[in-house]
Amino acid sequence: MSSYNYLHRINTGFEPEFSGKRLPGYPRERIVLGTWSKDFPMSLFAIEIDSLRKNYPGVQALRNIHLSVSKGGIFGLLGPNGAGKTTLVRILLGFSRPSSGSCKVLGAVPSPAVRTRLGYLPERMAVSPYLTGREFLEASLRLAFLKSKEAQSKSQDLLKQMGLSDAADRKVSTYSKGMLQRLGLAHALGAEPELLLLDEPGTGLDPAGYKEFRDRILEENVKRGVTVLINSHRLPEVEQICTEVGILHKGQIKAQGKLDELRQGKDRIRLKFEGNESVDSYLRNLSLECTNEGKDWEIRPKPDVDLKRLPAELVERGAELFLFERKSESLEEVFLRLTSEGSETKSEAEGQK
Ligand SMILES: Nc1ncnc2c1ncn2[C@@H]1O[C@H](COP(=O)(O)OP(=O)(O)OP(=O)(O)O)[C@@H](O)[C@H]1O
């Protein structure tokens, strides 16, 4: 296997045949992931951000951000209101410039040319209410340089995939929030993007609608290898779909990594034992947090504690141990821990303006 193929596989999980790489005999195949082309330099990351800052008058919206999103991944950018998520997405789209630092999207500095390779679903779709869903989609596909016939058949397909065929010829002003969101996704997927940026995609969708939406995103990710960045403060949404998350708080990335790694960052241990005072004080001394009710204990051990040796050490000190269980934090616990300390409300943040 060539090193390109090998890299491709470990980054995306796809064989190159599925990658959309322009292969001889398949001239119409889109370039979906990295290629050796000199136009789009090969990078392992869809998004690379280094020392990025964004200041508005009186507000430091982003403070020294370092962030990388692997190609072919589904990345959740989490943060409370006012954390800087929208500011970051606007910079990725090239709508706003960083005050300092660097940002690369699909290997290049954000620009209108790069934007043609992205799909963007804003939190609130701005569609002229006088257009029908079909007219809106066809117009947006024409803007993405599709010929009229192609735009017609493509929008027909997308409307069908999004369950909007019956409403295709109704004015957008009559659409429900969920329908607008599905129309927005059709629009974002229209130009077969390499990177999808989704801003609060669950807004307005009921649980069944969100499940359909999520399945559609997963399909794009698995079948076409599209990298997805979901910008959200709804943790369950992110937990169900994302492979990696970054937690943004007050313009700073507080943590970034695979969900399992983040959850294991602060392990808790549940124990049940019959002990004595020496065991109790030993356990308290090695814990950052410790609660107990009779024989049941829950502790957060100090980082240097050797958890593999701990059960034996307790038994050596005279404990009769019935239960020793590692308990990972939920994403919600991780999020609250990282964003609660010194947090401020959006109105306070806005007060800085
Ligand atoms: N154009 C602007 N001018 C001045 N300040 C701004 C501007 N846009 C955003 N801000 C400020 O920058 C900070 C980050 O805002 P941003 O909208 O990026 O946060 P967010 O995480 O997307 O919030 P939400 O989840 O509420 O949409 C806030 O304090 C906000 O008031």
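A quick note: this is a predicted structure, and the numbers were derived from the prediction, not measured.

Student: Please explain the sheet that holds strand β4 (residues 100-105) as it appears in this structure.
Tutor: Working definition: the strands of a sheet are paired by backbone hydrogen bonds and lie parallel or antiparallel to each other. Ordered by their spatial adjacency, three strands build an open sheet running β2-β1-β4, and the pairing between neighbours is antiparallel. Taken across any chain shown, the strands that pair with only one partner, and hence form the sheet edges, are β2 (59-70) and β4. Ignoring strand direction, the axes of neighbouring strands in this sheet form an average angle of 20°. Sheet analysis places strand β1 (residues 45-56) next to β4, joined by five bridges and oriented antiparallel. Counterpart to I49 in the pairing with β4 is C103. Helix α2 (residues 85-92) rests against β1, β2 and β4 of the sheet, and its axis sits at about 120° to β1.

Student: So what exactly am I meant to see when it comes to unusual backbone geometry here?
Tutor: Where the residue is not glycine, phi is negative for most of them; where a peptide bond is considered, it is trans in most cases. Positive phi, close to 45°, is recorded for S51, a residue that is not glycine. One can find S51 in strand β1. Assessed through its relative accessible area of 30%, S51 is described here as partly exposed. Here E200, not a glycine, exhibits a phi torsion of approximately 45°, which is positive. If you trace the backbone, E200 turns up in the loop between β6 (195-199) and α7 (207-224).

Student: What am I meant to see in the side chain of S155 here?
Tutor: Secondary-structure assignment places S155 in helix α5 (residues 148-161). Residue S155 is classed as buried on the basis of its relative accessible area of 0%. Only 3.1 Å separates the side chain of S155 from the backbone oxygen of Q152, close enough to count as a polar contact. Setting aside anything within four residues of it in sequence, one finds S155 in contact with L137, E138 and L141.

Student: Looking at this structure, how should I read the confidence of the model for the chain?
Tutor: Segments scoring low in pLDDT should not have their predicted coordinates read at a detailed level. Of all residues in the chain, 84% attain a pLDDT of 70 or more, and the chain-wide mean is 81. In this model residues 1-40 is a low-confidence stretch, pLDDT under 50, and it forms 54 contacts with partners more than four residues away in sequence or in other chains. Low confidence marks residues 343-353, where pLDDT is under 50. Its contacts with residues over four positions away, or in another chain, come to 14 contacts. Listed scores for the predicted complex are pTM 0.72 and ipTM 0.97.

Student: Help me understand the packing of aromatic side chains in this model?
Tutor: Aromatic ring pairs: the centre-centre distance and the angle between the two ring planes describe each pair. On inspection of all chains with the given rule, the structure shows two aromatic pairs. Between the aromatic rings of Y210 and F213, the centroid separation amounts to 6.0 Å while the plane-to-plane angle is 25°, which identifies the pairing as stacked. With Y210 and F213 both in helix α7 and three residues apart, the pair spans about one turn of that helix. F213 sits in the buried class, given a relative accessible area of 4%. Taking the centre distance of 5.4 Å and the plane angle of 25° together, the rings of F273 and W297 count as stacked. Within this pair, whereas F273 is found in strand β10 (residues 268-274), its partner W297 is found in strand β12 (residues 296-301), the two being separated by 24 residues in sequence. Judged by its relative accessible area of 3%, F273 falls in the buried class. Under the relative-accessibility criterion, W297 is labelled buried at 5%. Across from the ring centre of Y282, 3.7 Å away, lies the NZ or CZ of R317, which sits over that ring.

Definitions and limits used
- Residues numbered from 1 in each chain as written.
- Predicted model: local features only at pLDDT ≥ 70, side-chain atom pairs only at ≥ 80, totals over all residues.
- Heavy atoms only, no water.
- Pairing = 2+ DSSP bridges.
- Helix = DSSP H or I, 4+ residues; strand = E, 2+ residues; numbered from the N terminus.
- Axes fitted to C-alpha atoms, helices over the stretch in contact; angles between N-to-C directions.
- Contact = heavy atoms within 4.5 Å.
- Buried < 20%, exposed > 50% of the residue type's maximum accessible area, 1.4 Å probe, protein only.
- Polar contact = N/O pair within 3.5 Å; in protein donor to acceptor, adjacent residues only side chain to side chain.
- pLDDT = per-residue confidence, 0-100.
- Phe/Tyr/Trp six-rings, centres within 6.5 Å; stacked < 30°, edge-to-face > 60°.
- Lys NZ or Arg CZ within 6 Å of the ring centre and 35° of its normal.

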